[in-house]
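Listed below are the residues making up each chain.
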Amino acid sequence: MRSASPYHTALLAAVLSRSEAQEWRHAVLEWEIDACEEDPLLESSCLCGHPELRYLFTIVNTLNDNTLFPIGSVCINRFGREDLSEEASIREHLFRVLHAIEGRQFISLNSDFFSRKLLRFLYEDGAFQPNEFNGFDPEVDYQFMLNMFNMRNEPSPAQARKIRAVIVSSIRPHLLRMLDGRRSG
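Residues numbered from 1 in each chain as written. Predicted model: local features only at pLDDT ≥ 70, side-chain atom pairs only at ≥ 80, totals over all residues. Heavy atoms only, no water.

*Asks:* Honestly, the overall build of the protein in this entry has me stumped. Any pointers?
*Replies:* Within the protein one finds seven helices and three strands. Starting at the N terminus, the α and β elements of the protein follow one another as α-α-β-β-β-α-α-α-α-α. Taking the intrachain contacts of the protein between residues at least 6 apart in sequence as the baseline, contacts between residues at least 24 apart amount to 54%. For the protein, the accessible surface area stands at approximately 10300 Å², while carbon and sulfur atoms represent 49% of it. The average position of the 20 basic charges and that of the 26 acidic charges among the side chains of the protein differ by 5 Å. (Helix = DSSP H or I, 4+ residues; strand = E, 2+ residues; numbered from the N terminus. Contact = heavy atoms within 4.5 Å. Areas by Shrake-Rupley, 256 points an atom, 1.4 Å probe, with all protein chains shown as cover. Lys, Arg positive; Asp, Glu negative; His and termini not counted. Charge placed at Lys NZ, Arg CZ, Asp CG, Glu CD.)

Dropping the structure here:
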């Protein structure tokens, strides 16, 4: 690890005490993100001691089923694993999109709300449902959304209607189901 601050020392001790490996570089490979909750009042502290966490992750050791909670995204990033950092970022982004939906904001298919990785995550997580409009093939909606996200020009009125329909009928309900109950406070 880069630094010997009290937070880093506490993180190192917590991870190593619940890992099979006794070296940091090996121990970090044993862990995966299991869940993420939100504490909008910022009343929680990371297992390292850092206060005022908004996003509380639970990580699980894939070798021994030990869990660590709550752990913040800064500590997850300290694992030095791009896959974990990416997943933490996606899960935080999901809460931001949900808040926009709950606040009745207009959600557009742009980088303020979406990314290619987030769209892929939503597809793999089952957000796009088979229906008569996609020929009962959810990949059709995923590919459409990805193509529209990558498009340099403004979508046509018909494309904009379809984007809105996919967000409202597929993504919004999926996020509400997925994130419901994952908020504390």
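Back to the text.
*Asks:* Mind showing me how you'd approach the sheet that holds strand β2 (residues 55-61) here?
*Replies:* What links the strands of a sheet is backbone hydrogen bonding, and the strands pair in either a parallel or an antiparallel sense. Spatially, three strands are ordered β1-β2-β3 in an open sheet, and the strand pairing comes out antiparallel. A single partner strand is all that each edge strand has here, and the edge strands are β1 (31-38) and β3 (67-71). Adjacent strand axes in the sheet meet at a mean angle of 20°, parallel and antiparallel pairs treated alike. Pairing of β2 with β3, which is carried by three bridges, proceeds in the antiparallel orientation. Directly across from V60, in β3, lies its bridge partner T67. (Pairing = 2+ DSSP bridges. Axes fitted to C-alpha atoms, helices over the stretch in contact; angles between N-to-C directions.)

*Asks:* Quick question: what am I supposed to make of the packing of helix α4 (residues 82-102) against helix α5 (residues 116-124) here?
*Replies:* Each pair of packed helices can be described by the angle between their axes along with the distance between the axes. At a minimum axis distance of 10 Å, the contact between α4 and α5 shows a crossing angle of 85°. In terms of orientation, α4 and α5 fall into the roughly perpendicular class. For the pair α4 and α5, contact is made by E86, I90, H93, L94 and V97 and by K117, L118, F121 and L122, respectively. In terms of residue class, the contact of α4 with α5 is made up of six nonpolar, one polar and two charged. (Parallel < 35°, antiparallel > 145°, perpendicular 65-115°, else oblique. Nonpolar A, V, L, I, M, F, W, Y, C, P; charged D, E, K, R; others polar.)

*Asks:* Just to check I follow, could you spell out the side chain of E92 for this structure?
*Replies:* Following the sequence through the fold, E92 ends up in helix α4. R96 provides the closest opposite charge to the buried, salt-bridge-free E92, at an N-O distance of 4.4 Å. Here E92 is in contact with Y55, F57 and S73, once residues within four sequence places are set aside. (Buried < 20%, exposed > 50% of the residue type's maximum accessible area, 1.4 Å probe, protein only. Salt bridge = Lys/Arg side-chain N within 4 Å of Asp/Glu carboxyl O.)

*Asks:* Sorry if this is basic, but what is going on with the pairing of β2 here?
*Replies:* It is a general feature of regular strands that their side chains alternate between the two faces of the sheet. For β2, the buried fraction is high: seven of the seven residues fall into the buried class. Both faces of β2 are covered, namely the face carrying Y55, F57, I59 and N61 and the face carrying L56, T58 and V60. In this sheet, β2 lies alongside β1 in antiparallel orientation, the contact comprising seven bridges. Directly across from W31, in β2, lies its bridge partner N61.

*Asks:* Would you mind showing me how to read the pattern of salt bridges here?
*Replies:* Charged atoms that come close allow side chains of opposite charge to pair. Under the defined criterion, the tally for this structure stands at eight salt bridges. Here E86 ties to K117 by a salt bridge, and the two come within 2.7 Å at their closest N and O atoms. Taken as a pair, E86 in helix α4 and K117 in helix α5 lie far apart in primary sequence, 31 residues in all. The exposure class assigned to K117 is partly exposed, which follows from its relative accessible area of 45%. The partner of R120 in a salt bridge is E124, and the shortest N-O contact between them spans 2.8 Å. In this pair, R120 and E124 both sit in helix α5, four residues apart, roughly one turn of the helix. Bridged by salt links that share partners, the residues E32, R81 and D83 form one connected network.

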